[in-house]
Amino acid sequence: MELSLSTSLHSPTTSSFLSKTSTPSPCIHRQNLGSFSTAAPNFPSRVSLKLKKPSVFRHRRGILKNQSSGEIANDEDDGFVLEDVPHLTSFLPDLPSYPNPLKYSQAYAIVKNTFVSPEDVVAQKIVVQKGSRRGVHFRRAGPREKVYFKPEKVRACIVTCGGLCPGINTVIREIVCGLHNMYGVEDVLGIQGGYRGFYSQNTIKLTPKLVNDIHKRGGTFLQTSRGGHDTKKIVDNIQDRGINQVYIIGGDGTHKGALAIYQEVEKRGLQVAVVGIPKTIDNDIAVIDKSFGFDTAVEEAQRAINAAHVEAECVANGVGIVKLMGRYSGFIAMFATLASRDVDCCLVPESPFYLEGQGGLFEYVEQRIKENGHALIVLAEGAGQEYAAQSMHAVNGTDASGNRLLLDVGLWLTQEVKDHFTNVRKMEINLKYIDPTYMIRAIPSNAYDNIYCTLLAQSAVHGTMAGYTGFTVGPVNSRHAYIPINRVTEATNTVKLTDRMWARLLASTNQPSFLQKCEISQERVDKETMEVIDDMRITSI
Ligand SMILES: Nc1ncnc2c1ncn2[C@@H]1O[C@H](COP(=O)(O)OP(=O)(O)OP(=O)(O)O)[C@@H](O)[C@H]1O
Ligand SMILES: O=P(O)(O)OC[C@H]1O[C@](O)(CO)[C@@H](O)[C@@H]1O
Ligand SMILES: [Mg+2]
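By convention here, each chain's residues receive numbers from 1 onward along its written sequence. Each chain takes a letter, starting from A, and each ligand takes a number, starting from 1, following the order in which they are written. With the structure being a predicted model, the display of local features is reserved for residues of pLDDT at least 70 and the display and counting of side-chain atom pairs for 80 or more, all residues being used for whole-chain, interface and lining totals. Hydrogen atoms and water are omitted, and side-chain values are computed over all heavy atoms in the structure.

Participant: Any chance you could explain the site of ligand 2 here in plain terms?
Facilitator: The criterion for a residue being near a molecule or strand is simple. One of its heavy atoms has to lie within 4 Å of it. Around ligand 2, the structure places Arg226, Ile281, Asp282, Met325, Gly326, Arg327, Glu381, Tyr438 and Arg441. Two N or O atoms form a polar contact when they lie within 3.5 Å of each other; inside protein one atom must be a possible hydrogen donor and the other a possible acceptor, and for residues adjacent in sequence the pair counts only when both atoms belong to side chains. Asp282 is positioned such that a nitrogen or oxygen atom in its side chain is 2.7 Å from an oxygen atom of ligand 2. Between Glu381 and ligand 2, the recorded distance is 2.6 Å, taken from a side-chain N or O atom to an oxygen atom. Per-residue and other accessible areas were derived by the Shrake-Rupley procedure at a 1.4 Å probe size, with only the shown protein chains allowed to occlude residues. When isolated, ligand 2 has an accessible area of 390 Å², and the protein chains bury 79% of it. The pocket and cavity definitions rest on a 1 Å grid over protein atoms only: a 1.4 Å probe that fits but cannot leave marks a cavity, an open set with protein on both sides within 12 Å along at least five of seven lines marks a pocket, and residues lining either have an atom within 4 Å of a point. Each molecule is checked against the cavity or pocket grid, and it sits inside if more than half of its atoms lie within 2 Å of the grid points. If you map ligand 2 onto the pockets, it falls in the second largest pocket. Residues are grouped as follows: Ala, Val, Leu, Ile, Met, Phe, Trp, Tyr, Cys and Pro are nonpolar; Asp, Glu, Lys and Arg are charged; all remaining types, including Gly, are polar. Tallied by class, the residues present in the shell around ligand 2 amount to 3 nonpolar, 1 polar and 5 charged.

Encoded structure:
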């Protein structure tokens, strides 16, 4: 990984993170990489970085490479890296700050540390070796002593984009109530119907009273959509409506849109804070521990799996097939399988499989029927897409957001299993196919997710009030952090076949690993190995 860094420190603030400052360099690269500065205490007021891969904003204590001289100042080189988030003062340096109203809040009156210290960071890796470098860190989320908005001047808006997910309404509710109760902000607008709602629909005024009960309902109170992201039109609208805080709830696609909005806002020099709240039922968002609604979805999936198991158990040669969501990541299928213990085979997009011959799925299903009287298969909707395409009419389209449309692998597998046992094995089976895909995401969030959504919403509110922008929120090793948006748009989280979790699944189901015929492509192994190496490098730079 090549990393070059230039610093221009125009105020001689002392920093415990960057203990040695380099000579101001005129060479500041702003365009492709995004440069920023932070006005938070104890950080240099302006630090611009150029990074080739990954393109994230980093402060490094220890090694500072001066871009023009190539000189390396090596001091306290413990490998500490802060992947920081932008702050409004990086492009609006004269922005005034105010004391945080939480200072006077009765609820926080006896809290020992109401405010997060500007030096608090969250480590991306918590398993370390004696003597290992400190590695990547993110700013810890939470209220700051100073805010960069007067509550009565805030006009916030909330928008929800992409697919549904349990807990969206809780996040909406808690943003509205958090702004109102903690900061006294009363002007909150709901943008209806996703990104296109900015320019094609009327807004609604969101009050604590209006959103009081919405966390008990599934879906999104504000409606959602795919497609329709037009950065210019959206930012024009933000400007026209006088909005200065934008809360965007959505997945990877939504965050790409949020990044574009933040960049346009910065280009126009607007005092508008943009924050993403990661939402995806697939749990495929990078960096964060887990996405909200995932837990609820896994729990709900148990009902379908249990039903399929009961149906299969109560007949001769019963076979159950359950299809769950998971376009490119098989987390729901994997965790639902691990939780259930009744599943004989779990098929995910990350792990290729085959049906016929030795070590194939048919052989294994027959073996399970003979041993156990029945067999139960859980598959993620993105599993075996290429395989299914060989015998199904391919759908070559994309949805309005550009996501590839999938073949129904559940129906395909059902037909293949039936054909095989009836026509090839001449064996009577009783097969039931259950497709609960939308049922697991259109429900309200469970207790765990409700609390999680509350923390996410409050972290987002604290961050925007403190003047941070272009960031997303989420737990990293259980601690909520502010993460640069590009960190969650550059990569997606997938099931790692080389991780122990997948081995746990294989050990729990005893299913074949399908490694004989469909060897995991060299490309995948290379990619996973590179990720591990990259991680090690990050820890060791
Ligand atoms: N590269 C992009 N740049 C700008 N906007 C984008 C981009 N990709 C997607 N979007 C916009 O983000 C919104 C949501 O995207 P998408 O439908 O892919 O869902 P998502 O946010 O990924 O959520 P999920 O995958 O969980 O359903 C859409 O309005 C889409 O137009
Ligand atoms: O039918 P829709 O609304 O496009 O959503 C389906 C997709 O949304 C998700 O739930 C989230 O991306 C996927 O698992 C699924 O493929
Ligand atoms: Mg997505």
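Participant: I keep staring at the sheet that holds strand β16 (residues 318–324) and nothing clicks. Help me out?
Facilitator: The pairing of strands in a sheet comes from backbone hydrogen bonds and takes either a parallel or an antiparallel form. Sheet architecture is open: 4 strands sit in the order β17-β18-β16-β19, paired in parallel fashion. Only two strands of the sheet have a single neighbouring strand rather than two, namely β17 (345–347) and β19 (430–434). Put simply, the sheet's adjacent strands are angled 15° from each other on average, direction ignored. Any two strands are treated as partners once DSSP identifies two or more bridges connecting them. In this description a helix means any DSSP run of H or I spanning at least four residues, a strand means any run of E spanning at least two, and both kinds are numbered starting from the N terminus. The pairing of β16 with β19 spans 5 bridges and is parallel. From the neighbouring strand, Gly318 faces β19, where its bridge partner is Asn430. Every axis in this analysis is a line fitted to C-alpha atoms, fitted for helices over the stretch in contact. Angles between the N-to-C directions lie between 0 and 180 degrees.

Participant: In this structure, what is going on with the environment of Met392? I would like to understand it.
Facilitator: Considering the arrangement of structural elements, one finds Met392 in the loop between α8 (385–389) and α9 (409–424). Accessibility expressed as a relative area gives 25% for Met392, which makes it partly exposed. Measuring from C-alpha to C-alpha, the distance between Met392 and Trp412 comes to 7.5 Å, with 20 residues separating the pair along the chain. Any two residues whose heavy atoms approach within 4.5 Å are treated as being in contact. When near neighbours in sequence (up to four residues on either side) are disregarded, Met392 contacts Leu407, Asp408 and Trp412. In this scheme, a residue with accessible area under 20% of its type's maximum is buried, one over 50% is exposed, and one in between is partly exposed, where area comes from a 1.4 Å probe on protein chains only.

Participant: What exactly am I supposed to notice about unusual backbone geometry here?
Facilitator: Backbone phi values are negative for most residues with the exception of glycine, while trans is the configuration of most peptide bonds. Of note in this structure, Asn317 is not a glycine but carries a positive phi near 50°. When you line up the elements, Asn317 lands in the loop between α5 (294–313) and β16. Located in the positive-phi region is Asn477, a residue other than glycine, with phi close to 55°. Relative to the helices and strands, Asn477 is located in the loop between β20 (471–476) and β21 (479–484). Taking the relative accessible area as the measure of exposure, Asn477 reaches 26% and is therefore partly exposed.

Participant: Whenever I open this one, the nonpolar core confuses me. Can you help?
Facilitator: One recurring pattern in soluble globular proteins is that nonpolar side chains are buried together. Core analysis: the biggest nonpolar cluster contains 110 residues, and Ile158, Ile175, Tyr247, Ile277 and Phe292 have the highest contact counts within it. Looking at this core, the element that brings in the most residues is helix α1 (residues 168–183), giving 9 residues. Judged by nonpolar contacts, the second largest core, of 27 residues, contains Val319, Tyr364, Phe421 and Phe514. What is meant by a nonpolar core is a set of buried Ala, Val, Leu, Ile, Met, Phe, Trp, Tyr and Cys residues, joined one to another through side-chain atoms within 4.5 Å.

Participant: Quick question: what am I supposed to make of the pairing of strand β9 (residues 135–140) here?
Facilitator: Looking along a regular strand, one sees side chains alternate from face to face of the sheet. Judged by how many residues are buried, β9 sits mostly within the fold: 5 of 6 residues are covered. In this sheet, β21 lies alongside β9 in antiparallel orientation, the contact comprising 2 bridges. Note that in β21 the partner of Arg140 across the bridge is Ala481.

Participant: Even after reading the chapter, I still don't get the UniProt feature "binding site: ATP" (unreviewed entry) in the chain, so can you show me in this structure?
Facilitator: UniProt positions are given in the numbering used here, feature names are shortened, and annotations may be inferred rather than shown by experiment. Residues annotated by UniProt as "binding site: ATP" (unreviewed entry) correspond here to Gly163, Arg226, Gly227, Gly251, Asp252, Gly253 and Thr254. Despite a sequence span of 92 residues, these residues sit close together in the fold, their greatest C-alpha distance being 12.9 Å. Within the annotated group, the residues that form the lining of the second largest pocket are Gly163, Arg226, Gly227, Gly251, Asp252, Gly253 and Thr254. Mapped onto the elements, Gly251 comes out in the loop between β14 (245–250) and α4 (252–268). Residue Gly251 is classed as buried on the basis of its relative accessible area, which comes to 8%. Setting aside anything within four residues of it in sequence, one finds Gly251 in contact with Lys279 and Ile285. Of note, Asp252 is situated in helix α4.

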